[in-house]
Amino acid sequence: MNIRFFLHQLKQLFLRFRLRRKHFKMRLKQRPFYVKIVYYTFKAIIIFLLYLLMVDMNFLWLFGKSPDMDMVKHPPQNLASEIYSADGKRLGKYFRENRLPATYDEVSFIMKRALIEIEDERFRNHSGIDVQGLFSSVKDMMFGRARGASTITQQLVKNMFHTRSAQSRGLLGHIPYVDMLIIKTKEWTTALKIESMYSKNEILTMYLNTVDFGSNAFGIKTAAKIYFNTTPDHLKVEQAATLVGMLKATTTYNPRLNPVNSFKRRNVVLEMLAKKHIITRAECDSLKKLPIVLEGSVEENYSGTALYFREKVAESLKDWCKENEIDLYSDGLKIYTTIDTRMQQYAEEAVTKQMSRVQRSFNNHWGKNEPWVDENNQVIKNFIEDLAKRTPEYKKLSRKYARTPDSIWFYLDKPRKMKVFHYDTEKRDTTFSTMDSIRYMTRFLHAGFVVIEPETGFVKAWVGDVDFNYWKYDKVTSLRQPGSTFKIFDYTAAFMQGKTPCSEETNSYVEWKYTENGAPKTWIPRNITREYGGDTVTLKYAFARSYNVIAAKIAKDAGIENVIETAYKMGIKTPLHNMPATSLGSSDVSLLELTNAYCTVIDDGYYQEPVLVTKIVGKEGNVIYEHKPKKERAIPYETAFLMTQMLLGGLTEPYGTTQSLWEHPIFNQSRKIDGKTVTMEYGGKTGTSSNYSDAWFMGVTPHLVGGSWVGGEYRSIHFRNKLGEGGHAALPIFGYFMEQLLNDKKFEKYIDKFPKPKEKISVDYYCHTPWPKVKDTLNFDANEESVEPVPIEEE
């Protein structure tokens, strides 16, 4: 009953409204014309305001989302984050849009005036919508002279809030012409909001920081750097005119892409400045004759130095950014790292110098033969073809020629111009087929090199491979078999169970019985000579000579579980196989974790994570992250001291595998410490994996530890003789690096001797083996290495 009554009353109300509206129209007809004009104008304004309100609130999801007052008050800022070295140099940026903010006072007067005169001459007088310019635009359009009427504020809305993107469209936004009307409406309403909250100078600054200048340059600060290698406050008149002229069409008038168009457009801007008396006619005529001189270069995410290191920094910050709701690529951070650009340069030069020599040796070693071979040195069939099937070219062709596979290989064998790697940069442009390029590039050997300060854990140099532009896979973090460099964990575990450098062991045949997957097996380690000398030697000598048999014996006595546990405590993170062959380096580790584990020895037995970042500053200038040192005892001090003596033995014991380091002029550098002259001291350990697939060297000094690795991209690509050993292939990288480092007076602080014991050592470690009068022809090899032994099944 109540519902019927309500509906009846509603119907009566509607009828009365219609009757009154009819009477109002009858009275309006009797009024003078000017009253009618006022009425219909007022009505149009009301309807327009309702339309604006509906668009702004996205009524019934018809118009798409518009920026609200909170978004206008806190506008999104897509700012590049900068990464800096320990010596204050900018290494590069992380960004989606390459933008760095500039303040109003940091932009030259001429740049601001030119922008206003060309883009929005009444900018200082309107409130976001230039009504005069709008009517002028409509008039010009009627006469076929269409032009834009967007104010600087409206353009700011477009740049900052991306109002023309698909995400801003509603249901009506997909209708042609209607979509543009809605977009312009959003820009009007948002422009009014911005004008109500910000001063003209603030709006102009925001515009200059958001506008796209092409060539991956967002904002005036980046544009000034990329095009003219200068700052916004030092832009010359002709440079400012060039940048302002580009805004009409950043591709058409880009001085790098279309220099002729850019030159003409720049002169149009100069004419306008002269017309407005901002510059004189004489200045204008003189500047118009000048060519556009570009001094900067386009910046990409991969521009700058220490590219492998920067990739690792970005990866290491992922979890931290997620936890703190920070976007590395848009939040304008300043990231301060541990890397030193001078040490980085020396490291990169050392890698290039050694690897160019190694590559020549490798090419001569294999000649025209294919170097991808199996364990029996037989060429692996279809090796290159299988690699080709992983390439984007093959996948693209296989979709296109699915029914004619021969066509795929036809096009893969078709020569074309391309750029390939060569140590001589002038020889990188060549003509190859895809298959030829795969064969060519696969023959290259690769390298990784990392340098860490053991006391701080600071990574000072990081070289992930020979050239980031061609190989982005980082060899510092990739996993490979460490060979004899793993023996440091065998001996460390043995020393913690009572053995000492002066303990003796016989270089003789040994069997290690174990169980794998429930089946009994026997592992028989062998020296590289495949012979056993039968001599009894000290562990210090055995470690220096890198005897496999003795390392296996002490690992067996200590227990492989204890060896593995020791490796984990010292810094190995990769899971290790619980089997005897692991004692000689058959289980994969990364160069970074192995180098850091050697740091544990040099830092008196303390372990700490490698440190890449020391501090992060937010876009507001506040410190939001700061590294706090965190160390933990991994092995006893005495064990660490004894293992340091073992590493020194590689250079002092007869025929130690590190002896070739003496070939580098790095032993005579000295400095004064407390009035005493101190000369440099070194230790180290070489390593080589099965079939010479991996060559390693761990070099240690009192204040730096450097680890180097050399090998093929695939384990089947390697030397077939001792040229592939750690002492030949990897050790010189460390040597060349130290040569340059110690010749630089800025790094004298690294010149030092290993300290005397800080506490009483309970065991004897002074047991230097005398040099024999007659060379031991059976066992001598100054670069003898450990090769991964093959387990033998028990019959």
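Along each chain, numbering runs from 1 in the same order as the chain's sequence is written. Given that this is a predicted model, residues contribute local features only at a pLDDT of at least 70 and side-chain atom pairs are listed and counted only at 80 or more, while totals for whole chains, interfaces and linings are drawn from all residues. Hydrogens and water molecules were not included; the side-chain quantities draw on all heavy atoms of the structure.

J.: Mind laying out the overall build of the protein, listing which residues take part and the relevant values?
T.: By definition, any uninterrupted DSSP run of H or I lasting at least four residues is a helix, any uninterrupted run of E lasting at least two residues is a strand, and each is numbered from the N terminus. The number of helices and strands found in the protein is 27 helices and 23 strands. Radius of gyration: over C-alpha atoms. The globule rule applied is 2.2 Å multiplied by the number of residues raised to the 0.38 power. Radius of gyration (C-alpha) of the protein: 36 Å, far over the 28 Å computed for a compact globule of 795 residues. Counting only C-alpha atoms and orienting by the principal axes, one finds that the protein spans roughly 130 × 85 × 65 Å. Here the term buried applies to any residue with accessible area under 20% of the maximum for its type, exposed to any over 50%, and partly exposed to those in between, with areas from a 1.4 Å probe on protein chains only. Residues classed as buried in the protein amount to 52% of the 795 residues present. Contacts are residue-level and defined by heavy atoms, with any inter-residue pair within 4.5 Å sufficient. Here the analysis covers contacts within the protein between residues at least 6 apart in sequence; of these, 71% occur between residues at least 24 apart. The charge count treats Lys and Arg as positive and Asp and Glu as negative. His and the chain ends do not count. For this purpose, a charge sits on NZ of Lys, CZ of Arg, CG of Asp or CD of Glu. Each charge class in the protein can be summarised by its mean position, and for the 111 positive and 94 negative side chains these summaries are 13 Å apart.

J.: So what's going on with the packing of aromatic side chains? Residues and values would help.
T.: Centres within 6.5 Å are what make two rings of Phe, Tyr or Trp a pair, Trp counting through its six-membered ring; a difference in plane orientation under 30 degrees is then read as stacked, over 60 as edge-to-face, and the rest as tilted. One pass over the structure, following the stated rule, counts 38 aromatic pairs. Aromatic pair Trp 372 and Phe 383: ring centres 5.6 Å apart, planes at 15°, arrangement stacked. Here Trp 372, found in the loop between α15 (341-366) and α16 (383-388), pairs with Phe 383, found in helix α16; they are eleven residues apart in sequence, far enough to count as distant. Ring pairing ties together the aromatic residues Phe 421, Tyr 423, Phe 432, Tyr 440, Phe 444, Tyr 470 and Trp 471, which thus form one cluster. A ring is scored as having a charge over it whenever the NZ atom of a lysine or the CZ atom of an arginine sits within 6 Å of its centre and within 35 degrees of its normal. Between Arg 265 and the ring centre of Tyr 253, over which it is positioned, the NZ or CZ distance is 5.8 Å. Positioned over the ring face of Tyr 606 is Arg 633, at 4.0 Å from the centre of the ring.

J.: Any details on the sheet that holds strand β1 (residues 81-84)? Residues and values, ideally.
T.: Within a sheet, neighbouring strands are paired by backbone hydrogen bonds and run either parallel or antiparallel to one another. Strands are labelled as partners when DSSP assigns at least two bridges between them. Spatially, five strands are ordered β2-β1-β3-β15-β16 in an open sheet, and the strand pairing comes out mixed. Each of the sheet's edge strands pairs with one partner strand only, and the pair in question is β2 (90-94) and β16 (623-626). This sheet shows a mean twist of 15° between the axes of neighbouring strands, independent of strand direction. Alignment of β1 against strand β3 (residues 334-337), held across three bridges, turns out to be parallel. In the sheet register, Tyr 84 faces β3, and the bridge partner there is Tyr 336. Simply put, an axis is a line fit to the C-alpha atoms, just over the touching stretch for a helix, and the angle between two N-to-C directions goes from 0 to 180 degrees. Across the sheet, helix α13 (residues 307-316) is in contact with β1, β2, β3 and β15 (613-617); its angle to β2 comes to roughly 50°.

J.: Describe the environment of Tyr 51, naming the residues involved and giving the relevant values.
T.: Relative to the helices and strands, Tyr 51 resides in helix α2 (residues 33-56). For the pair formed by Tyr 51 and Phe 719, sequence separation is 668 residues and the distance between their alpha carbons is 77 Å. Discounting chain neighbours no more than four positions away, the residues touching Tyr 51 are Phe 63, Leu 181, Ile 182 and Thr 185.

J.: So what's going on with a positive patch on the surface? Which residues, and what values?
T.: Only residues above 30% relative accessible area that lack a salt bridge enter a patch, with like-charged residues linked at up to 9 Å and the nonpolar side chains Val, Leu, Ile, Met, Phe, Trp and Tyr linked at up to 5 Å. Residue-level accessible areas treat just the shown protein chains as cover; the underlying method is Shrake-Rupley with a 1.4 Å probe. Within this document, salt bridges are pairs made up of a side-chain nitrogen of Lys or Arg and a carboxyl oxygen of Asp or Glu, the two lying within 4 Å of each other. On the surface, Arg 18, Arg 21, Lys 22, Lys 25, Lys 29 and Lys 43 cluster together to form a positively charged patch. Per element, the largest residue contribution to the positive patch is five residues, and it comes from helix α1 (residues 2-29). Tracing the backbone through its elements, the reader meets Lys 25 in helix α1.

J.: Describe unusual backbone geometry, and please don't skip the residues or the numbers.
T.: The phi dihedral of Asn 229 is positive, around 50°, even though this residue is not glycine. Tracing the backbone shows Asn 229 in the loop between α9 (220-228) and α10 (237-246).

J.: I'd like a description of the pairing of β1, backed by residues and values.
T.: Burial of the side chains of β1 extends over both faces: Ser 81 and Ile 83 are buried on one face and Glu 82 and Tyr 84 on the other. Bridge count between β1 and β2: four bridges; the pairing is antiparallel. The partner of Glu 82 across the bridge, within β2, is Lys 93. In this antiparallel pair of consecutive strands, β1 and β2, the connection spans five residues, and Gly 88 shows a positive phi of 85°.

J.: Can you tell me about α10, naming the residues and giving the values?
T.: Most of α10 is tucked away: nine of the ten residues are buried. Those residues of α10 that sit buried are Glu 238, Gln 239, Ala 240, Ala 241, Thr 242, Leu 243, Val 244, Gly 245 and Met 246. Residues of α10 that are buried in the fold lie against α4 (109-119), α9, α11 (259-275) and α12 (281-288).

J.: Break down a nonpolar patch on the surface for me, with residues and values.
T.: Residues Phe 42, Ile 45, Ile 46, Phe 48, Leu 49, Leu 50, Leu 53, Met 57, Phe 59, Leu 60, Trp 61 and Leu 171 make up a contiguous nonpolar surface patch of roughly 1,300 Å² in combined accessible area. Inspection of the secondary structure assignment puts Leu 49 in helix α2.

J.: Outline the nonpolar core, listing residues and values.
T.: Buried Ala, Val, Leu, Ile, Met, Phe, Trp, Tyr and Cys residues that are joined via side-chain atoms within 4.5 Å together make up what is termed a nonpolar core. Core analysis: the largest hydrophobic core is formed by 146 residues, its most contacted members being Ile 335, Trp 462, Phe 489, Tyr 491, Tyr 682, Phe 737 and Leu 741. The contact partners of Leu 741, leaving out residues within four places of it in the chain, are Met 343, Tyr 346, Leu 704, Phe 747 and Tyr 750. If you look at the next biggest cluster of nonpolar residues, it comprises 46 residues, including Phe 161, Ala 217, Met 246 and Leu 287.

J.: Report on the pairing of strand β10 (residues 512-516), specifying residues and quantitative values.
T.: Each regular strand carries side chains that alternate between the two faces of the sheet. Pairing between β10 and strand β11 (residues 519-523): five bridges, direction antiparallel. When the sheet's bridge partners are listed, Trp 512 is paired in β11 with Trp 523. What sits between the antiparallel neighbours β10 and β11 is a turn of two residues, in which Asn 517 has the positive phi angle 55°.

J.: I'd like a description of α4, backed by residues and values.
T.: With eight of eleven residues buried, α4 lies mostly within the body of the structure. Turning to α4, its buried residues number three or more, namely Ile 110, Met 111, Lys 112, Ala 114, Leu 115, Ile 116, Glu 117 and Glu 119. Buried positions along α4 lie against α6 (152-161), α8 (200-210), α9, α10 and α11.

J.: Lay out the packing of α4 against α8 in plain terms, naming residues and giving numbers.
T.: Two elements in contact, α4 and α8, have axes separated by 12 Å at closest approach and are oriented at 90°. Relative to α8, α4 is oriented roughly perpendicular. Across the interface between the two elements, Met 111, Lys 112, Leu 115, Ile 116 and Glu 119 from α4 touch Leu 204, Tyr 207 and Leu 208 from α8. Classes in brief: Ala, Val, Leu, Ile, Met, Phe, Trp, Tyr, Cys and Pro nonpolar; Asp, Glu, Lys and Arg charged; the others, Gly included, polar. A class-by-class count of the residues in the contact of α4 with α8 yields six nonpolar, no polar and two charged. Note that the term roughly parallel is reserved for angles under 35 degrees, roughly antiparallel for angles over 145, roughly perpendicular for angles of 65 to 115, and oblique for everything else.

J.: Could you give me a rundown of the state of the cysteines, with the residues and numbers involved?
T.: Defined by distance alone, a disulfide is two cysteine sulfur atoms within 2.5 Å. In this structure the tally under the stated criterion is one disulfide. Disulfide pairing places Cys 502 opposite Cys 767 at an S-S distance of 2.2 Å. Looking down the S-S bond of the Cys 502 and Cys 767 bridge, the torsion is -95°, so its handedness is left-handed. Residue Cys 502 is located in the loop between α20 (487-495) and β9 (504-506), and its partner Cys 767 is located in the loop between α27 (731-743) and β23 (792-793); the two are separated by 265 residues in the primary sequence.

J.: How would you sum up the side chain of Gln 359? Please name residues and give values.
T.: Inspection of the secondary structure assignment puts Gln 359 in helix α15. In this structure Gln 359 touches Tyr 423, Arg 443, Phe 444 and Leu 445, once residues within four positions along its chain are discounted.

J.: Could you give an account of the sheet that holds strand β20 (residues 683-688), naming the residues involved and the relevant values?
T.: Taken in spatial order, the five strands of this open sheet run β7-β6-β22-β21-β20, and their pairing is antiparallel. The outermost strands of the open sheet, each flanked by one partner alone, are β7 (459-463) and β20. Averaged over all pairs of adjacent strands, the angle between strand axes in this sheet comes to 10°, irrespective of strand direction. Across four bridges, strand β6 (residues 445-452) lies against β7 in antiparallel orientation. Residue pairing for β7: Ile 452 is matched across the bridge by Val 459. Contacts from helix α25 (residues 637-652) reach β20 and β21 (694-700), with the element oriented near 80° to β20.

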